[in-house]
Amino acid sequence: MIKPSDLGLPFPEWRQYQLDAIIQVDNTQAKYILLEAPTGCGKSGIAVGLARLSGADSTAVVCHTLQLQDQYLQIDGLHTVKGRNNFPCLIQDSTAGDAPCTISGPMKCTKYHDCPYYVQLARGLAAQVSVHNYAYWLPSANYQKRFTDLNLLVLDECHLLEDQLRKFVQVELSSWSLKSVGLSLPDYGNDIGRWRVWADESASMFRAEANEAYDFDKLTKPQVVEIQRVRAIHDKLDTLSRRLEDDWLVEHIGQSHVFRPVWVTQFGHQYVFRHAEKILMMSATILDAEHFCAGLGIPAKEAAFFRLPSTFPKRQRPIIFRPATKVGQKSTTQDSQMLVNAVDRILEAHSTEKGLIHTTNYNIAALLTTTCRNKQRLVTHDTKGRGTALDAFKQSNVPLVLVSPSMQTGVDLPYDLCRFIIVAKLPFPNKGDEQVKRRMSLGPDGLPNKRGQSWYMWQTACTLVQSVGRGMRAPDDACVSYIVDGHFRWFKQAVRGMLPSWFTEVLKEEVDTSGVVAQIRQMSINMLGEEEEPF
């Protein structure tokens with residue numbers, strides 16, 4: 001049998017299902033392989049093991065964050081490639097992102113061969129397996145033509161690919177950035193034709209300046225920053241004039257306008273899939289291959305879908321459905337109090353442990369942090385303070401509970417950082433959002449979407465499954481998850497074919513008897529105007 005060391009992997013033995021997954025994917029003839037693998041399956045070992053077993057000469061692994069990139073460095077022979085802002089410039093006091101070479105090229109720089117940015121780039125280009133993040137790889141492959149013509153492209157955390165691709169193709173223009181170059185941002189509403197003409201005419205004003213050649217030796221740091229700003233604005237305007245389609249969304253957010261497609265179907269091949277012979281996409285939450293492929297423009301007949309079970313002990317990751325009330329826009333004051341009471345009872349059962357509460361929106365976060373009996377333990381954040389709140393929560397030795405509408409993905413809270421999770425409200429996409437409304441009415445092909453409601457349920461299921469995985473990160477870890485939104489009773493039936501077995505096998509329903517007593521007491525108060533003894 002093949003051993004991990006035979007493939008240069010630094011662990012003594014395979015994790016359960018790991019080698020089987022590598023061999024199965026290697027033997028698959030499909031161009032697109034979807035591998036649903038929960039935390040603990042060893043996705044990095046599967047990715048690198050596949051690259052080496054298949055004899056791929058060039059493999060790029062793309063993941064979501066710098067932290068995930070660094071995890072791959074535990075394997076010898078891999079090289080991570082990161083963006084310029086992660087490295088210092090050796091000839092001026094700035095990062096490599098503001099270096100003169102960004103304007104005139106690096107060849108005149110006397111420190112070019114010692115520059116840490118270019119050194120790591122050269123190592124990555126020469127490596128059999130290079131590791132990137134989406135924000136770096138997408139422009140690098142499509143604009144600089146680097147890390148393309150691959151034998152194998154591995155897309156880790158692929159449930160985020162559609163969103164990363166949308167961010168890559170969308171254009172955001174702010175009033176202050178345009179004002180800095182003498183332009184004002186008009187408001188043409190949803191008139192795509194007028195926006196397209198305006199963008200083309202505005203881009204032409206800066207075309208000569210944006211394409212001007214500069215002498216490396218005469219560039220100062222302020223000049224570099226100014227030239228970068230002009231070029232960035234020109235490129236955005238030029239891209240907008242060429243890319244903007246009649247069915248795109250135009251959103252006015254604060255002092256900015258954001259132009260983005262409803263679906264990114266037409267961009268999957270153009271910007272991602274054409275760069276490799278074989279694509280391996282891995283995530284704990286693919287759930288429905290048909291919806292996943294449709295959103296990225298993947299031909300279903302060219303895709304293969306595999307699911308791996310969880311390797312974590314069941315008793316250490318229970319998911320408890322303990323309905324308090326149905327949480328939503330129609331919730332009454334009484335419903336809100338029932339939710340608060342249910343959350344308080346869970347907090348008191350975990351009085352010495354840190355935890356995480358998913359609220360889906362800021363209104364519920366505010367409700368809990370201001371009215372819970374245990375509010376002194378609760379910490380939250382606004383739209384700009386997510387990272388600061390998360391860091392403070394991690395560093396605290398007090399049994400705090402983080403209350404947030406935006407911690408469902410990309411958060412790693414192992415061991416004592418999170419021993420319990422509460423899903424206060426199911427993470428239904430906001431039907432008031434224009435993109436959600438468009439997607440439910442029109443499919444990726446532009447025709448009426450017969451599966452619009454199914455897509456909506458799939459999106460909710462993906463986020464829910466991600467939510468309960470934030471605190472259970474290793475075989476010897478332990479974290480209990482509670483779902484208190486009563487809507488889950490009908491929802492679990494609606495998506496029963498989507499939820500993975502590792503989720504459903506530990507799911508159980510509990511009746512919160514103390515909550516029932518409280519509800520009866522409250523009903524008595526409402527009817528009689530005084531508190532009656534419960535029966």
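Residues numbered from 1 in each chain as written. Predicted model: local features only at pLDDT ≥ 70, side-chain atom pairs only at ≥ 80, totals over all residues. Heavy atoms only, no water.

### Some words on the overall build of the protein
Counting its secondary structure elements, the protein contains 20 helices and 17 strands. Since a compact globule built from 535 residues should have a radius of gyration of about 24 Å, the 26 Å found for the protein is in line with a globular shape. Projected onto the principal axes, the alpha-carbon positions of the protein cover approximately 85 × 65 × 50 Å. Evaluated residue by residue, the protein yields a buried proportion of 52% over its 535 residues. Looking at the protein as shown, the accessible area adds up to about 25,100 Å², and 50% of this sits on carbon and sulfur atoms. The protein carries 59 positive and 58 negative side-chain charges, and their two centres are separated by 1 Å. (Helix = DSSP H or I, 4+ residues; strand = E, 2+ residues; numbered from the N terminus. Rg over C-alpha atoms; globule rule 2.2 N^0.38 Å. Buried < 20%, exposed > 50% of the residue type's maximum accessible area, 1.4 Å probe, protein only. Areas by Shrake-Rupley, 256 points an atom, 1.4 Å probe, with all protein chains shown as cover. Lys, Arg positive; Asp, Glu negative; His and termini not counted. Charge placed at Lys NZ, Arg CZ, Asp CG, Glu CD.)

### Structural notes on the nonpolar core
Ranked by internal contacts, the top residues of the largest apolar core, which has 93 residues, are Leu153, Leu155, Val272, Phe273, Met281 and Phe503. Tallying contributions element by element places helix α17 (residues 452–467) first for this core, with 8 residues. (Core = buried A, V, L, I, M, F, W, Y, C linked by side-chain atoms within 4.5 Å.)

### Section: the sheet that holds strand β14 (residues 401–404)
What the 7 strands build is an open sheet, ordered β13-β14-β12-β15-β16-β11-β17; its pairing is parallel. Two strands close off the open sheet at either side, each with one partner strand: β13 (378–379) and β17 (507–509). Pairing of β13 with β14 involves 2 bridges; the strand directions are parallel. Bridge assignment links leucine 378 to a residue of β14, and that residue is valine 401. In this fold helix α15 (residues 386–395) packs onto β12 (355–358), β13 and β14, with an angle of close to 165° to the strand it touches most, β14. (Pairing = 2+ DSSP bridges. Contact = heavy atoms within 4.5 Å. Axes fitted to C-alpha atoms, helices over the stretch in contact; angles between N-to-C directions.)

### What about the packing of helix α13 (residues 333–349) against helix α14 (residues 362–371)?
The packing of two helices is summarised by the inter-axis angle and the distance between the axes. The N-to-C vectors of α13 and α14 enclose an angle of 65°; their axes lie 10 Å apart at closest approach. In the crossing of α13 with α14, the sense of the turn from one axis to the other is right-handed. The residues of α14 that touch α13, namely those facing Ser336, Leu339, Val340 and Val343, are Ile364, Leu367, Leu368 and Thr371. Of the residues contributing to the contact of α13 with α14, the split by class is 6 nonpolar, 2 polar and no charged. (Left-handed = near helix turned anticlockwise from the far one by under 90°. Nonpolar A, V, L, I, M, F, W, Y, C, P; charged D, E, K, R; others polar.)

### Things to note about the sheet that holds strand β7 (residues 249–253)
Spatially, the 3 strands line up as an open sheet ordered β6-β8-β7, and their pairing is antiparallel. The outermost strands of the open sheet, each flanked by one partner alone, are β6 (171–174) and β7. Sheet twist, expressed as the average angle between the axes of neighbouring strands with direction ignored, equals 15°. The sheet contact formed by β6 and strand β8 (residues 256–260) spans 4 bridges and is antiparallel. Each residue of the ladder has a partner; that of serine 174, found in β8, is serine 256.

### Section: the packing of aromatic side chains
For the coordinates displayed, the defined rule picks out 20 aromatic pairs. Where tyrosine 112 meets tyrosine 118, the ring centres are 5.0 Å apart and the plane angle is 70°; that geometry is what we call edge-to-face. You can call tyrosine 112 partly exposed: its relative accessible area is 22%. Ring centres 6.5 Å apart and planes at 70° place the aromatic pair tryptophan 502 and phenylalanine 503 in the edge-to-face group. Like tryptophan 502, the residue phenylalanine 503 is buried in the burial classification. (Phe/Tyr/Trp six-rings, centres within 6.5 Å; stacked < 30°, edge-to-face > 60°.)

### Details of unusual backbone geometry
Not every positive phi belongs to a glycine, and glutamate 157 is a case in point at roughly 50°. Among the secondary structure elements, glutamate 157 is positioned in the loop between β5 (150–156) and α7 (161–169). Residue glutamate 157 is classed as buried on the basis of its relative accessible area of 18%. The phi angle at leucine 287 is positive, at roughly 65°, despite the residue not being glycine. With respect to the helices and strands, the residue leucine 287 is situated in the loop between β9 (276–283) and α12 (289–296).

### Considering the pattern of salt bridges
Any two side chains of opposite charge can pair, on the condition that their charged atoms come close. Tallied over the full model, the rule gives 24 salt bridges. Here lysine 108 ties to aspartate 215 by a salt bridge, and the two come within 3.8 Å at their closest N and O atoms. Pair noted here: lysine 108 is in the loop between α4 (101–104) and α5 (116–126) and aspartate 215 is in the loop between α9 (192–210) and α10 (221–243), with a separation of 107 residues, a long-range link. A residue is classified by how much of its surface remains accessible, and lysine 108, at 53% relative accessible area, is exposed. (Salt bridge = Lys/Arg side-chain N within 4 Å of Asp/Glu carboxyl O.)

### Concerning helix α1 (residues 18–26)
Among the residues of α1, Gln18, Leu19, Ala21, Ile22 and Val25 are the ones counted as buried. Buried positions in α1, seen along its axis, are confined to an arc of 160° and lie on one side of it. The elements touched by buried residues of α1 are β1 (32–36), α2 (43–53) and β9. (Arc of directions from axis to C-beta.)

### Quick notes on the environment of arginine 196
With respect to the helices, strands and loops of the structure, arginine 196 is situated in helix α9. Sequence spacing of arginine 196 and glutamine 120 is 76 residues, and the spatial spacing of their C-alpha atoms is 39 Å. For arginine 196, the residues in contact, after removing those within four places along its chain, are Ser241, Leu244, Glu245 and Asp246. Only 3.1 Å separates the side chain of arginine 196 from the backbone oxygen of leucine 244, close enough to count as a polar contact. A distance of 3.1 Å separates polar atoms of two side chains, one belonging to arginine 196 and the other to aspartate 246. (Polar contact = N/O pair within 3.5 Å; in protein donor to acceptor, adjacent residues only side chain to side chain.)

### Examining the pairing of β1
A regular strand carries its side chains on alternate faces of the sheet. Most of β1 sits inside the fold, with 5 of its 5 residues counted as buried. Where burial is concerned, the two faces of β1 agree: the one with Tyr32, Leu34 and Glu36 and the one with Ile33 and Leu35 are both buried. In the sheet, β1 pairs with strand β10 (residues 303–307) via 5 bridges, with the strands oriented parallel. Residue pairing across strands places tyrosine 32 opposite alanine 303, the latter belonging to β10. Bridge analysis of β1 against β9 gives 5 bridges, and the strand direction is parallel. Opposite glutamate 36, over in β9, you have serine 283 as the bridge partner.

### Focus: the pairing of strand β16 (residues 480–485)
Extensive coverage of β16 is indicated by the burial of 6 of its 6 residues. Here β16 shows no split at all, with Val480, Tyr482 and Val484 on one side and Ser481, Ile483 and Asp485 on the other all buried. As defined by bridge partners, strand β15 (residues 420–423) adjoins β16 across 4 bridges and the pair is classed as parallel. Along β16, the bridge assignment pairs phenylalanine 420 with valine 480.

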